[in-house]
Amino acid sequence: MTAVLEARHLSKTFPARDGKGVVRAVNDVSITVGEGETLGIVGESGCGKSTLARMLLRLIEPTSGEILFLGEDLLALGPSGMRARRRDIQIVFQDPYASLDPRMSVAQIIAEPLDIHGIGSRAERREKVRALLDLVGLDQGAGGRYPHEFSGGQRQRIGIARAIALEPKLLVLDEPVSALDVSIQAQIINLLDDLKGRMNLSYVFISHDLSVVQHVSDRVLVMYLGRVVELGPAQQVLEAPLHPYTQALVSAVPEIDPQQRKARIILPGDPPNPEHIPPGCAFHPRCPKAIGICKTDMPVARNGETHSAACHLL
Ligand code: SF4
């Protein structure tokens, strides 16, 4: 499979709030996204997944690492080169209301990327907006209305229409359905699935919700406190998780079939705080399987039978 995106050893540090140290939001993360592939990234709030998403588009500049898009070094591009490359990499945010300018009509919002990149004549742009409304399941009358007139699901359709207006190759979807009701989530996921096939898109799909990630992803990457703790084909990671953190996440996914229900693993301790990353394995204060070495030595990723995880028990 041709790699559309490769990020190597990406890290991002921010100054700590107390002004004394640094927060390692993303720490030595490497990912590859193949053509037509959906890579799901899952983890709790504060694990660094949204910072990673923004770094892939250089909305946040990495502290170190490399990002290759179709083999081109994105971090070596100047502002105009990066602007041109953004045609191919677009992002959809969690809150469609906050990401849509309330003073612009839906047609203006969807046409904005075409205007910025000077694509087509006015008439061609109008036609393109009509086609995009159709593609995302909105009626033609929607173009003349404003974001506040729409429901959350419809607003996310508008956000998606804008993101695909330039016919990108890669969409970074940052919690795209988390703010929506479950029934609407399913509609948006079906829309994304349909668009992926029609437009040969690749997705980086970020979510804290493992059941959503399981549904959409070819491969799944699990993050904990800025690091990758498990990576592999979606089915293997979710049906036979290797890392105790992933095992806890999987155990919390509701299972309709009573025969398949597993005992829920409740993690002790506080949720992760990237300002205070524990030494050794960062998960050790909450890990039900921790052993002595976990407090002092950071585990490296090792290959299991089907996929990899970073745990001393492997
Ligand atoms: Fe748990 Fe130790 Fe594995 Fe970390 S390395 S996940 S603390 S067993």
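To keep things clear, this report deals only with the structure shown in the data block. (Residues numbered from 1 in each chain as written. Predicted model: local features only at pLDDT ≥ 70, side-chain atom pairs only at ≥ 80, totals over all residues. Heavy atoms only, no water.)

**Section: the sheet that holds strand 8 (residues 202–207)**
- Strand order across the open sheet formed by eight strands is 6-7-8-3-9-10-12-11, with mixed pairing between neighbours. Looking at the sheet topology across the chains shown, the edges are occupied by strand 6 (89–92) and strand 11 (301–303). Shown here is a sheet whose adjacent strand axes are inclined to one another by a mean of 20°, direction ignored.
- In terms of strand pairing, strand 3 (residues 38–42) meets strand 8 through five bridges, oriented parallel. (Pairing = 2+ DSSP bridges. Helix = DSSP H or I, 4+ residues; strand = E, 2+ residues; numbered from the N terminus. Axes fitted to C-alpha atoms, helices over the stretch in contact; angles between N-to-C directions.)

**Some points on empty space enclosed by the protein**
- Across all of its chains, the model carries one cavity of 30 Å³ or more by this definition.
- There is about 80 Å³ of room inside the largest cavity.
- Around the largest cavity, the lining is made up of 13 residues, and of these P244, C281, C287, C294 and C311 lie nearest the centre.
- Classifying every residue of the lining of the largest cavity gives nine nonpolar, three polar and one charged. (1 Å grid on protein atoms, 1.4 Å probe; cavity = no way out; pocket = protein on both sides within 12 Å on 5 of 7 lines; lining within 4 Å. Points joined across faces, edges and corners; volume = space filled by probe spheres on them. Nonpolar A, V, L, I, M, F, W, Y, C, P; charged D, E, K, R; others polar.)

**A few points about the packing of aromatic side chains**
- Scanning the model with the defined rule gives three aromatic pairs in all.
- Ring geometry for Y224 versus F283: centroids 5.0 Å apart, planes at 75°, classification edge-to-face. Highlighted residues: Y224 in strand 9 (residues 219–224) and F283 in the loop between helix 9 (244–251) and strand 11, separated in sequence by 59 residues. This pair shows no difference in class: Y224 is buried, exactly as F283 is.
- An aromatic cluster of three or more residues is present, and its members are Y224, Y245 and F283.
- Above the ring of F150, the side-chain terminus of R145 is found at 4.5 Å from the ring centroid. (Phe/Tyr/Trp six-rings, centres within 6.5 Å; stacked < 30°, edge-to-face > 60°. Buried < 20%, exposed > 50% of the residue type's maximum accessible area, 1.4 Å probe, protein only. Lys NZ or Arg CZ within 6 Å of the ring centre and 35° of its normal.)

**Regarding the side chain of S11**
- Structurally, S11 is set in strand 1 (residues 3–15).
- Among the polar contacts made by the side chain of S11, one reaches the main-chain amide nitrogen of D28 at a distance of 2.9 Å.
- Once you skip the residues sitting within four places of it in the chain, S11 turns out to touch V26, N27, D28, M55, P62, T63 and S64. (Polar contact = N/O pair within 3.5 Å; in protein donor to acceptor, adjacent residues only side chain to side chain. Contact = heavy atoms within 4.5 Å.)

**Some remarks on the nonpolar core**
- By size, the foremost hydrophobic cluster in this structure holds 57 residues, and its most contacted members are I110, I158, I160, V220, V222 and Y245.
- Once residues lying within four places of it in the same chain are set aside, the contact partners of Y245 are G43, E44, V222, M223, Y224, V229, L267 and F283. (Core = buried A, V, L, I, M, F, W, Y, C linked by side-chain atoms within 4.5 Å.)

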